[in-house]
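Listed here are the chains, written in short residue letters.
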Amino acid sequence: MKRVYDPTIEKVAQAFPRVDVTDVLGARKVVAEFCEALQKSTGRPRHDQIEEVEKTIPGPKGAPPLPIRLYVPKDRTEAGPAFVNFHGGAFIMGDLESEHPRCLAMTADGGAVSVGVDYRLAPEHPFPAGVEDCYAALRWVAANAEELQVDPNRIAIGGGSAGGNLSAAVALMARDRGGPKIAYQMLFYPVVDDRSETDSMKPGTDLYIWDYWNNLRMWDHYIGRDRDEVSPYAAPARADNLSGLPPAYVMTCEHDPLRDEGILYAMRLMAAGVPVELHHYPGTVHGFDFLAQSDISTLAIREGVEAFKRAMGRAS
């Protein structure tokens, strides 16, 4: 069956370099060069009323300090919501710039203090380094809520792809470890299942951006090849119990090998009594929302921000 794509998204996706994540350093270089060229052509998003502050915070016990970036509305006069973002990049790539546009949108249009987290990457730092960094960042935001002008009852977490995994895993950690309180988890085209056996995953070898083989290699870098006992904090789909988790927003893309595992995870959350808002976008590819400027990308970004605002209103 012929795949039907949004034409604007397909044009940019066709230009996205084919990478082989077996060569981690090579993949990082190729993707970084593409993203840099794309940013030069479109310009780095900025907002005059948002201050960006780089700092380091304590990492997990025994780990190095953790770089973060705060996005703070300059006109903030009282405590409001926070959005703690864990970037994508297959657990092996990415930095504070990777989801800069998402953080900026959540602050500019969602009224949040956004916090980008530069967690440690595999394979140099395999699981659980990255997710423990993300959990440490959440704890820091909650502990410093007053100074950040953040309402501790309105802290959301989220991220795309591997960042969606880390968000789901941190939500499980916070439930199991007794906090901090999370008001909302936002899982954008998340990778949650190391078994890679869904219908959308198997034929995913000819897709743009991401494919089945890179997905397998990614998991090898992150958790190793021994899968006899995989922690749900590494692959949240492995969790037996999803009850008691925060309400969720889940986004999936039609032509994405990760599509079905995101939908199935959302359905399992629903079955466990967790309120879920599931958005599926036809004609799209993995990471489409900030990949190309198209009507459906604009819609996806706006709907994500509006969902965040609704959730923060309910949590207030």
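Residues numbered from 1 in each chain as written. Predicted model: local features only at pLDDT ≥ 70, side-chain atom pairs only at ≥ 80, totals over all residues. Heavy atoms only, no water.

Let us now look at the overall build of the protein chain. Helices and strands together make up the secondary structure of the protein chain, namely nine helices and eight strands. Compactness check: the protein chain gives a C-alpha radius of gyration of 18 Å against a globular reference of 20 Å for 316 residues, within 12% of the reference. With the C-alpha coordinates of the protein chain rotated into their principal frame, the extents come out at 55 × 45 × 35 Å. In the protein chain, which comprises 316 residues, the proportion classed as buried is 54%. For the protein chain, the share of sequence-separated contacts (at least 6 apart) that also reach a separation of at least 24 residues comes to 77%. (Helix = DSSP H or I, 4+ residues; strand = E, 2+ residues; numbered from the N terminus. Rg over C-alpha atoms; globule rule 2.2 N^0.38 Å. Buried < 20%, exposed > 50% of the residue type's maximum accessible area, 1.4 Å probe, protein only. Contact = heavy atoms within 4.5 Å.)

Take unusual backbone geometry next. Glycine aside, a negative phi is what most residues show, and trans is what most peptide bonds show. Of the consecutive residues Ala122 and Pro123, the connecting peptide bond is found in the cis state with omega at 0°. Assignment of secondary structure puts Pro123 in the loop between β4 (113–117) and α4 (129–143). Despite not being glycine, Ala90 has its phi angle at roughly 60°, a positive value. Assignment of secondary structure puts Ala90 in the loop between β3 (80–86) and α3 (100–108). Under the relative-accessibility criterion, Ala90 is labelled buried at 5%. Backbone geometry at Ile209 places phi at a positive 70°, although glycine is not the residue there. With respect to the helices and strands, the residue Ile209 is situated in the loop between β6 (184–188) and α7 (212–223). Residue classification places Ile209 among the buried positions, given a relative accessible area of 18%.

Let's shift gears to the layout of surface pockets. In this model, the largest pocket occupies a volume close to 1,600 Å³. Lining the largest pocket we find 50 residues, and of these Cys35, Leu38, Ser98, Pro101 and Phe290 sit closest to its centre. Elements represented by at least two residues in the lining of the largest pocket include exactly α1 (7–15), α2 (24–42), α3 and α9 (295–315). Here the lining of the largest pocket takes nine residues from α2, the largest share from any one element. Partitioned by chemical class, the residues of the lining of the largest pocket number 23 nonpolar, 18 polar and nine charged. (1 Å grid on protein atoms, 1.4 Å probe; cavity = no way out; pocket = protein on both sides within 12 Å on 5 of 7 lines; lining within 4 Å. Points joined across faces, edges and corners; volume = space filled by probe spheres on them. Nonpolar A, V, L, I, M, F, W, Y, C, P; charged D, E, K, R; others polar.)

Turning next to the sheet that holds strand β1 (residues 50–57). Here eight strands make up an open sheet; going across it, the order is β1-β2-β4-β3-β5-β6-β7-β8 and the pairing mixed. Each having just a single partner strand, β1 and β8 (276–285) make up the two edges of the open sheet. Averaged over all pairs of adjacent strands, the angle between strand axes in this sheet comes to 20°, irrespective of strand direction. Looking at chain direction, strand β5 (residues 150–160) and β6 are connected through five bridges and run parallel. Within β6, the residue paired with Gly159 across the bridge is Leu187. (Pairing = 2+ DSSP bridges. Axes fitted to C-alpha atoms, helices over the stretch in contact; angles between N-to-C directions.)

What follows is about the nonpolar core. Ranked by size, the top nonpolar core spans 103 residues in total, and within it Phe86, Val170, Tyr222, Tyr265, Val285 and Phe288 carry the most contacts. With nine residues, the single largest contributor to this core is helix α6 (residues 162–177). In this view, Val170 contacts Phe86, Val131, Cys134, Tyr135, Leu138, Ile157 and Ile182; residues no more than four positions away in its chain are not counted. (Core = buried A, V, L, I, M, F, W, Y, C linked by side-chain atoms within 4.5 Å.)

To continue, consider a nonpolar patch on the surface. Among the surface-exposed residues, Leu264, Met267, Met270 and Leu278 lie close enough to one another that they form a single nonpolar patch of about 350 Å² accessible area. At three residues, the largest contribution of residues to the nonpolar patch is made by helix α8 (residues 259–271). Tracing the chain through its elements places Met270 in helix α8. Given a relative accessible area of 39%, Met270 falls into the partly exposed group. (Patch = residues over 30% accessible without salt bridge, like charges linked within 9 Å, V, L, I, M, F, W, Y side chains within 5 Å. Areas by Shrake-Rupley, 256 points an atom, 1.4 Å probe, with all protein chains shown as cover. Salt bridge = Lys/Arg side-chain N within 4 Å of Asp/Glu carboxyl O.)

Among the structural elements, Leu25 can be located in helix α2. You can call Leu25 exposed: its relative accessible area is 61%. Considering only alpha carbons, one finds Leu25 and Glu146, 121 residues apart in sequence, at a separation of 40 Å.

So, on to α8. Under the 1.5 Å per step criterion, the end-to-end length of α8 is 19 Å for 13 residues, consistent within 8% with the ideal 18 Å. Turning to α8, its buried residues are Asp260, Glu261, Gly262, Tyr265, Ala266 and Leu269. Those residues of α8 that are buried lie in contact with α6, β6, β7 (248–255) and β8. (Expected span 1.5 Å × (residues − 1).)

Where burial is concerned, most of β6 is hidden: five out of the five residues are buried. A two-sided burial pattern is seen for β6, the buried positions comprising Tyr184, Met186 and Phe188 on one face and Gln185 and Leu187 on the other. This β-α-β element, β5 to α6 to β6, shows right-handed connectivity. Across four bridges, β6 lies against β7 in parallel orientation. Residue pairing across strands places Met186 opposite Tyr249, the latter belonging to β7. (Right-handed = clockwise from strand over helix to strand, strands pointing away.)

Such coordinate-based values are descriptive only and should not be taken to indicate function.
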